[in-house]
Amino acid sequence: MRFTSFNPPVRTLMGPGPSDVHPRVTSAMARPTIGHLDPAFVSMMDEVKAMLQYAFQTKNELTIPVSAPGSAGMETCFVNLIEAGDKVIVCQNGVFGGRMKENVERAGAIAVMVEDDWGKPVDPDKLEDALKANPDAKIVAFVHAETSTGAQSDAKTLCALARKYDCLSIVDAVTSLGGTELRVDDWGIDAIYSGTQKCLSCTPGLSPVSFSERALEAIKNRKQKVQSWFLDTNLVMGYWGGSSKRAYHHTAPVNSLYALHESLVMLQNEGLENAWQRHADNHLALRAGIEAMGLSFIVDEPYRLPQLNSVTIPEGVDEAAVRSTLLNRFNLEIGAGLGSLAGKVWRIGLMGQSSRAENILLCLGALDVVLSDMGADINSGVALQTAQKLMK
Ligand SMILES: *Cc1c(COP(=O)(O)O)cnc(C)c1O
């Protein structure tokens with residue numbers, strides 16, 4: 001067998017991630033590879049750290065991209081803060097809270113679960129009850145933006161509760177960073193992780209994380225070594241840390257970091273608050289079109305994520321056939337339902353570069369065509385005009 005170069009099709013990405021990547025970011029990635037200890041590279045790393053502090057709205061010194069996807073950022077937060085036998089309160093309202101539980105248990109700790117229905121935000125009253133019932137808990141963990149359902153939880157309130165009961169907080173911001181309001185310092189978040197391929201619209205494979213002073217203090221006072229050598233922040237910071245000489249820990253993904261640098265420059269140029277507003281505005285345009293078509297959203301308005309829209313599937317429609325037709329005929333990817341929502345919803349992402357007027361028009365137009373062809377019970381021919389009225 002003779003192999004030839006792989007040339008991927010050009011798609012429009014409107015699923016739960018990865019999102020569309022701007023050509024500025026992909027071309028940054030193609031710049032020459034240099035050494036990961038080259039002084040020119042080290043000064044670029046410092047810029048990445050500073051721009052991540054801006055994106056997270058934090059002054060935390062330990063604010064770096066972990067050299068692996070969002071799941072590794074999740075694991076970094078858990079393994080550095082948890083010691084065997086600790087008690088951790090995990091709020092679950094979708095798939096990713098379940099992964100947090102796995103992380104806690106694999107680190108030899110005890111997970112106390114606070115559960116809410118899928119599609120609902122985490123209920124602060126239930127968290128407070130659990131904190132009262134478990135005065136020995138050390139950590140509270142929750143997902144800010146549940147990508148599996150499209151629900152947003154009130155991170156500010158949940159972190160304030162964690163503090164009130166003397167717990168550290170671990171926050172999953174994989175889908176919220178760059179897409180909706182997030183203020184690490186103002187909200188008192190102790191450990192947070194994100195991903196590059198959602199609202200930052202960078203290529204997949206890196207996970208920005210940030211740890212507060214309180215979290216660093218807890219790490220310093222550990223009795224046991226961090227069980228993961230690769231993710232141990234004490235060791236990673238030998239490479240990413242301060243102004244002193246950088247030591248080899250692992251070979252940084254040099255070109256991926258060029259891409260992240262470029263996407264953060266673009267975020268800074270747009271302005272963080274403008275990016276949040278763009279996500280909010282584009283959600284309203286998509287919503288208008290979706291509702292005009294006769295479809296609806298499963299998450300109640302106040303908790304709905306603008307960047308991840310869980311939309312109901314019309315009666316009798318083969319949802320997988322719709323997605324494959326969208327992909328084959330229109331090069332458009334939308335997401336399937338996950339976990340208990342599998343087969344019940346489509347997940348339409350408006351993340352980062354995907355949160356644009358032309359994507360919304362393509363998605364609404366293509367859905368209208370495909371659903372009409374299948375004889376689905378929708379209001380055909382009205383979605384585009386309705387959405388267009390809300391576009392700036
Ligand atoms: C995508 C996602 C993750 C996992 O990120 P990967 O980069 O796929 O490892 C974790 N949490 C949430 C909320 C996500 O949306």
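Residues numbered from 1 in each chain as written. Predicted model: local features only at pLDDT ≥ 70, side-chain atom pairs only at ≥ 80, totals over all residues. Heavy atoms only, no water.

Looking at this structure, how should I read the overall build of the protein chain?
Check the secondary structure of the protein chain and you find 13 helices and 13 strands. Dimensions of the protein chain along its principal axes, counting C-alpha atoms only, are 65 × 55 × 50 Å. Taking all 392 residues of the protein chain together, the buried fraction comes to 57%. Nonlocal contacts in the protein chain, meaning residues at least 24 apart in sequence, comprise 71% of its contacts between residues at least 6 apart. Of the charged side chains in the protein chain, 36 are positive and 44 negative; the average position of the first set lies 4 Å away from that of the second. (Helix = DSSP H or I, 4+ residues; strand = E, 2+ residues; numbered from the N terminus. Buried < 20%, exposed > 50% of the residue type's maximum accessible area, 1.4 Å probe, protein only. Contact = heavy atoms within 4.5 Å. Lys, Arg positive; Asp, Glu negative; His and termini not counted. Charge placed at Lys NZ, Arg CZ, Asp CG, Glu CD.)

Could you clarify how one ought to interpret the state of the cysteines in this entry?
Defined simply, a disulfide is a covalent bond joining two cysteines at their sulfur atoms. This model, assessed by the stated rule, comprises zero disulfides. With no disulfide of its own, Cys-199 lies closest to Cys-202 among cysteine sulfurs, the gap being 13 Å. Not part of a disulfide, Cys-363 finds its nearest cysteine sulfur in Cys-199, a span of 16 Å. (Disulfide = S-S within 2.5 Å.)

Please clarify how the environment of Ala-383 should be interpreted in this entry.
The residue Ala-383 is located in helix α13 (residues 383-388) in this model. By relative accessible area, Ala-383 is classed as buried at 0%. Put simply, Ala-383 and Leu-364 are 19 residues apart on the chain and 6.3 Å apart in space, counted from C-alpha to C-alpha.

Just to check I follow, could you spell out the site of the ligand for this structure?
Every residue near the ligand is listed here: Pro-69, Gly-70, Ser-71, Phe-96, Val-143, Ala-145, Thr-147, Asp-172, Val-174, Thr-175, Gln-197 and Lys-198. Contact distances for the ligand include 3.1 Å between an oxygen atom and a side-chain N or O atom of Thr-175. One of the side-chain nitrogen or oxygen atoms of Gln-197 is found 2.7 Å away from an oxygen atom of the ligand. When the free accessible area of the ligand is taken as 380 Å², the share hidden by the protein chains comes to 89%. Judged by the fraction of its atoms near the pocket grid, the ligand is located in the largest pocket. Its residues placed into classes, the shell around the ligand shows five nonpolar, five polar and two charged. (Near = heavy atom within 4 Å. Polar contact = N/O pair within 3.5 Å; in protein donor to acceptor, adjacent residues only side chain to side chain. Areas by Shrake-Rupley, 256 points an atom, 1.4 Å probe, with all protein chains shown as cover. 1 Å grid on protein atoms, 1.4 Å probe; cavity = no way out; pocket = protein on both sides within 12 Å on 5 of 7 lines; lining within 4 Å. Sits in = over half its atoms within 2 Å of the grid points. Nonpolar A, V, L, I, M, F, W, Y, C, P; charged D, E, K, R; others polar.)

Is there a simple way to explain the layout of surface pockets in this structure?
Vacant regions in the atomic arrangement are exposed by a probe of water-molecule size rolled over the atoms. Put simply, the largest pocket is a space of about 280 Å³. Along the wall of the largest pocket there are 20 residues; nearest its centre are Phe-96, Arg-99, Thr-147, Val-174 and Lys-198. Going through the elements one at a time, α3 (70-81) and α4 (95-106) are the ones with two or more residues in the lining of the largest pocket. (Points joined across faces, edges and corners; volume = space filled by probe spheres on them.)

It is not clear to me how the sheet that holds strand β10 (residues 207-211) should be interpreted in this structure. Could you clarify?
Within a sheet, each strand pairs with its neighbour through backbone hydrogen bonds, oriented either parallel or antiparallel. Strands sit in the order β2-β10-β9-β8-β5-β3-β4 across an open sheet of seven strands; the sheet is mixed. The sheet is open, and its two borders are formed by β2 (62-66) and β4 (110-115), each paired with just one other strand. Taking the axes of each pair of neighbouring strands and ignoring which way they run, one obtains an average angle of 15 degrees across the sheet. Taken together, the three bridges between strand β8 (residues 168-172) and strand β9 (residues 191-193) define a ladder with parallel strand orientation. Residue pairing across strands places Ile-170 opposite Ala-191, the latter belonging to β9. The sheet strands contacting helix α2 (residues 39-56) are β2, β9 and β10, and the helix crosses β2 at an angle near 105 degrees. (Pairing = 2+ DSSP bridges. Axes fitted to C-alpha atoms, helices over the stretch in contact; angles between N-to-C directions.)

How should a nonpolar patch on the surface be read in this particular structure?
Taken together, Trp-229, Phe-230 and Leu-235 make up a surface patch of nonpolar side chains, about 300 Å² in accessible area. Within the secondary structure, Phe-230 sits in the loop between α7 (213-220) and α8 (233-240). A relative accessible area of 31% means that Phe-230 is categorised as partly exposed. (Patch = residues over 30% accessible without salt bridge, like charges linked within 9 Å, V, L, I, M, F, W, Y side chains within 5 Å. Salt bridge = Lys/Arg side-chain N within 4 Å of Asp/Glu carboxyl O.)

Just checking my understanding: could you explain the environment of Ser-67 for this structure?
Within the element layout of this structure, Ser-67 appears in the loop between β2 and α3. Placed 169 residues apart in sequence, Ser-67 and Val-236 show a C-alpha to C-alpha distance of 10.0 Å. Every residue in contact with Ser-67, bar those within four places of it in the chain, is listed here: Gly-205, Leu-206, Phe-230, His-250 and Pro-253. A distance of 2.7 Å separates the side chain of Ser-67 from the side chain of His-250, its partner in a polar contact.

Any chance you could explain the domain arrangement of the protein chain here in plain terms?
Where interface size is given, it is often the accessible area lost as the parts come together that is meant. Along its sequence, the protein chain is organised into domain 1 (23-268) and domain 2 (272-388). Computed from C-alpha atoms alone, the centre-to-centre distance between domain 1 and domain 2 is 29 Å. Every contact between the two is made by 29 residues of domain 1 and, on the other side, 24 residues of domain 2. For the pair domain 1 and domain 2, the summed buried surface comes to about 2,100 Å²; carbon and sulfur atoms form 63% of the total. Counting across the domain 1 and domain 2 interface gives two salt bridges. Inspection of the region where domain 1 meets domain 2 yields nine residue pairs in polar contact (both at pLDDT 80 or more). Taken together, the residues of the side of domain 1 that touches domain 2 break down into 11 nonpolar, 13 polar and five charged. (Domains from an automatic or database assignment. Buried area = accessible area lost by both parts, 1.4 Å probe.)

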